[in-house]
Each structure stands twice: as C-alpha cells, then as structure tokens.
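Chain residues, written in single-letter form:
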Amino acid sequence: MLLLNIIKMALFLLVNAAGYFAIPTVIALAAKFDMLPLVGGTNFQVYQFLMLTIPIPLWACTALISIGYFFTAGELRSWLLLAPLYTTVLYGIGVIAYFHFV
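Note that this is a predicted model, so its numbers are computed, not measured. (Residues numbered from 1 in each chain as written. Predicted model: local features only at pLDDT ≥ 70, side-chain atom pairs only at ≥ 80, totals over all residues. Heavy atoms only, no water.)

Colleague: What is the right way to look at the side chain of Thr88 in this model?
Modeller: Topologically, Thr88 is positioned in helix H5 (residues 75-101). Judged by relative accessible area, Thr88 falls into the buried class, the value being 1%. At 3.4 Å, the side chain of Thr88 forms a polar contact with the backbone oxygen of Gly19. From its side chain, Thr88 meets the backbone oxygen of Pro84 in a polar contact 2.7 Å long. Apart from residues lying up to four places away in sequence, Thr88 is in contact with Gly19, Ala22, Ile23, Pro55, Leu58 and Trp59. (Helix = DSSP H or I, 4+ residues; strand = E, 2+ residues; numbered from the N terminus. Buried < 20%, exposed > 50% of the residue type's maximum accessible area, 1.4 Å probe, protein only. Polar contact = N/O pair within 3.5 Å; in protein donor to acceptor, adjacent residues only side chain to side chain. Contact = heavy atoms within 4.5 Å.)

Colleague: Can you walk me through a nonpolar patch on the surface in this structure?
Modeller: There is a patch of nonpolar side chains on the surface, built from Met9, Leu13, Leu64, Ile67, Phe70 and Phe71 and spanning about 620 Å² of accessible area. Tracing the backbone through its elements, the reader meets Ile67 in the loop between helix H4 (55-65) and H5. The exposure class of Ile67 is partly exposed, given its relative accessible area of 34%. (Patch = residues over 30% accessible without salt bridge, like charges linked within 9 Å, V, L, I, M, F, W, Y side chains within 5 Å. Areas by Shrake-Rupley, 256 points an atom, 1.4 Å probe, with all protein chains shown as cover. Salt bridge = Lys/Arg side-chain N within 4 Å of Asp/Glu carboxyl O.)

Colleague: Could you clarify how one ought to interpret the packing of aromatic side chains in this entry?
Modeller: The geometry of two aromatic rings is summed up by the distance between their centres and the angle between their planes. On inspection of all chains with the given rule, the structure shows seven aromatic pairs. With centroids separated by 5.1 Å and ring planes inclined at 65°, the aromatic side chains of Tyr69 and Phe70 adopt a geometry described as edge-to-face. Classification of Tyr69 by relative accessible area gives buried; the value is 7%. The exposure class assigned to Phe70 is partly exposed, which follows from its relative accessible area of 31%. Here Trp79 and Tyr86 contribute two aromatic rings whose centre-to-centre distance is 5.5 Å and whose plane-to-plane angle is 85°, an arrangement assigned as edge-to-face. Residue classification places Trp79 among the partly exposed positions, given a relative accessible area of 47%. You can call Tyr86 partly exposed: its relative accessible area is 31%. Aromatic rings pair up to connect Phe12, Tyr69 and Phe70 into one cluster. (Phe/Tyr/Trp six-rings, centres within 6.5 Å; stacked < 30°, edge-to-face > 60°.)

Keep in mind that these numbers describe shape and distance, not what the molecule does.
Have a look at this one:
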C-alpha cells in the first residue's frame, strides 16, 4: 500500500514537471523545424507575453487541478493527472499557430 502511494506521488510529480517544461519544449521544437512565426512591431510584445508569461500561471492552475487525481476514480482520474501536460502543450501550439497564420 505504501509503495503504491509512493508510485502515485512520483507519477504526479513527474507529470507536473513535464507540464512545466512543455512550453519551452514546444518552442524549441518549433524553432528546430523553423515553424516559429516572424512577428514584428507591436505584435512582438503580444507574442512574447503570450508565449513566455501566460504559460506559467496556466501550468500552476492546472497543477492545482491535477491534485484531484488523488481523489477521483475512473477516466476522470487520467484527465486530471495529465491536465498540466496537455493544456500547456495545446496552449503553446495554439499561440504558435495563431501568429503563424495571422
């Protein structure tokens, strides 16, 4: 029983750490494959704000939401556990796609 709780806590911490590093990973992969948009003028400040400042509070909120993983069962449990990962990745891809096409 104790080992199972340790595994659950380690999985929780691992997924939250991966969610924290998801935005820099998305930015690095977009830069590697030359998919970062060329943004100039006043749009650059907006782009920089959306890419570098918003994701941290977003990740923190989803990290708090993912605590529900310990108190739920079934399919919702997986969604809550993975929330810090998929929300930050989708946000990063969405911002890059928005500025790439607009």
